[in-house]
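Take a look at the letters that make up each chain.
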Amino acid sequence: MKIANFSIKQYDKESLLKANEQFGHELTFFDTRLDRHTTALTQGFEGVSVFVNDDVCAECIAQLAEGGTRIICTRSAGFNQINLEAAEEHGVTVARVPAYSPNAVSEFTVGLILTLGRKIHRAYNRVRENNFELDGLQGFEIKGRTIAVLGTGRIGAEVIKNLSGFGPHILAYDPYRNPEIEDLVEYIDDVQEIISQADIISLHMPLTPETYHIIGPETIPHIKEGAMIVNTSRGALIDTAAVIEALKDGKIGSMAIDVYEEEGDIFFQDLSDRVVRDDVFSRLLTLPNVLVTGHQAFLTDRALLKIAVVTLQNFSEFEGSGFVATAVTQKGTRGG
Ligand code: NAD
């Protein structure tokens, strides 16, 4: 199949080319994002692959369908950047990579908790300047602490399994209980209750209208004083401006994020010689109790290859039978 791949970095290209040795698709790579301004590039491509910060809006999908595109595969688990209603309307199949390496994100999440909790990021900077002063580097131990995991799907479950070794008390919140980890956690069905008890709150639910700004003005007052917030899921789960105020007055003790609600214009590029025109983000970076990484939790060798293989397999399945096992919409019908 002729496939146009958007938001391509060198590491994506390498893994897609390697995986394509077993599929034989005709791949074209674009480093630009796919949005309504770049849709013209897809003319004549039956397949299109995108990543998390492409903006596959309704207008974009209408143009894609008109230009001959029949399937969009996102090289990610989340698919909130794609307008599914428009895809259904235009009979465009949307598929994804449901579980390329939940452990990659889980291990990174644990790394963020340890780094922020033990102030390793600050120690790293000090030591590089021959400053071996320990004042201000006091941390806390996970053993015996209460951790709330919101969303116990593939990644949340791995986080629970990984963190269990440290000996915390783990609370979980999810409309669907996961039998895989049920004996490691105490499920609590009320968000306010769970966040009022937790020393660390880790977010692993998808971005939906129900989860949008789940950490925001309505929930922040219920958070336990001084708690740590960790978000490796989707940026808009957190109302950043509201959290900054809570970080400043100590209501929230610290925050580690790998995702940011307005990350589309910032992440995945080198802006080191430019001014970032996002005052909320810039303010966030000035806070000593905040750790930010640029959506890299997925970025391991194993995960990249799995993403490439499943993405290309999605296109092959569509080409073969029209049925794609990982489809979110199947030729105009919303799937699982
Ligand atoms: P998943 O679908 O396996 O699990 C999501 C879980 O969230 C499910 O158990 C679901 O029932 C639960 N959920 C849905 N609505 C909820 C709600 N309102 N409250 C509580 N729980 C709710 O997904 P996953 O593979 O575990 O991925 C989780 C998220 O991680 C993805 O949506 C994606 O946005 C994000 N992600 C981030 C990176 C990264 O590099 N930072 C990489 C992969 C995935």
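Residues numbered from 1 in each chain as written. Predicted model: local features only at pLDDT ≥ 70, side-chain atom pairs only at ≥ 80, totals over all residues. Heavy atoms only, no water.

Asker: What exactly am I supposed to notice about the domain arrangement of the protein chain here?
Answerer: Interface size is often expressed as the accessible area that is lost when the parts come together. Structurally, the protein chain comprises domain 1 (2-100 + 300-334) and domain 2 (102-292). Inter-centroid distance (C-alpha atoms) of domain 1 to domain 2 is 30 Å. Of the residues lining the interface, 15 residues belong to domain 1; the matching set on domain 2 comes to 10 residues. For the pair domain 1 and domain 2, the summed buried area comes to about 980 Å², and 52% of that belongs to carbon and sulfur atoms. Together, Arg-33, Asn-53 and Asn-80 form the three largest contributors to the area buried by domain 1 at its contact with domain 2, with a combined 39%. Where domain 1 meets domain 2, there are 1 salt bridge. Residues Arg-33 and Asp-265 are paired through a salt bridge, measuring 3.4 Å at the closest nitrogen-oxygen approach. Our count for the contact surface shared by domain 1 and domain 2 stands at 5 residue pairs in polar contact (both at pLDDT 80 or more). When its residues are assigned to classes, the side of domain 1 that touches domain 2 shows 7 nonpolar, 5 polar and 3 charged. (Domains from an automatic or database assignment. Contact = heavy atoms within 4.5 Å. Buried area = accessible area lost by both parts, 1.4 Å probe. Salt bridge = Lys/Arg side-chain N within 4 Å of Asp/Glu carboxyl O. Polar contact = N/O pair within 3.5 Å; in protein donor to acceptor, adjacent residues only side chain to side chain. Nonpolar A, V, L, I, M, F, W, Y, C, P; charged D, E, K, R; others polar.)

Asker: When you look at helix H4 (residues 102-118) in this model, what are you seeing that I'm missing?
Answerer: Since the α-helix advances by 3.6 residues per turn, residues separated by three or four positions end up pointing in the same direction. The end-to-end C-alpha distance of H4, which contains 17 residues, comes to 24 Å, matching closely the 24 Å that a straight helix rising 1.5 Å per residue would cover. For H4, every residue scored as buried is listed here: Ala-104, Val-105, Ser-106, Phe-108, Thr-109, Val-110, Leu-112, Ile-113, Thr-115, Leu-116 and Gly-117. Looking at the residues trailing H4, positive phi occurs at Lys-119, about 60 degrees. (Helix = DSSP H or I, 4+ residues; strand = E, 2+ residues; numbered from the N terminus. Expected span 1.5 Å × (residues − 1). Buried < 20%, exposed > 50% of the residue type's maximum accessible area, 1.4 Å probe, protein only.)

Asker: Got a minute to help me understand the sheet that holds strand S7 (residues 169-173) in this structure?
Answerer: Where strands meet in a sheet, backbone hydrogen bonds hold them as pairs that are either parallel or antiparallel. The 7 strands are arranged S8-S7-S6-S9-S10-S11-S12 in an open sheet whose pairing can be described as parallel. The open sheet terminates on both sides in strands that have one partner only, identified here as strand S8 (186-187) and strand S12 (290-292). The pairing of strand S6 (residues 146-150) with strand S9 (residues 200-203) spans 4 bridges and is parallel. Across the sheet, the residue bridging to Ala-148 is Ile-201, located in S9. Packed on one face of the sheet, helix H8 (residues 240-248) meets strand S11 (252-257) and S12 and runs near 135 degrees to S11. (Pairing = 2+ DSSP bridges. Axes fitted to C-alpha atoms, helices over the stretch in contact; angles between N-to-C directions.)

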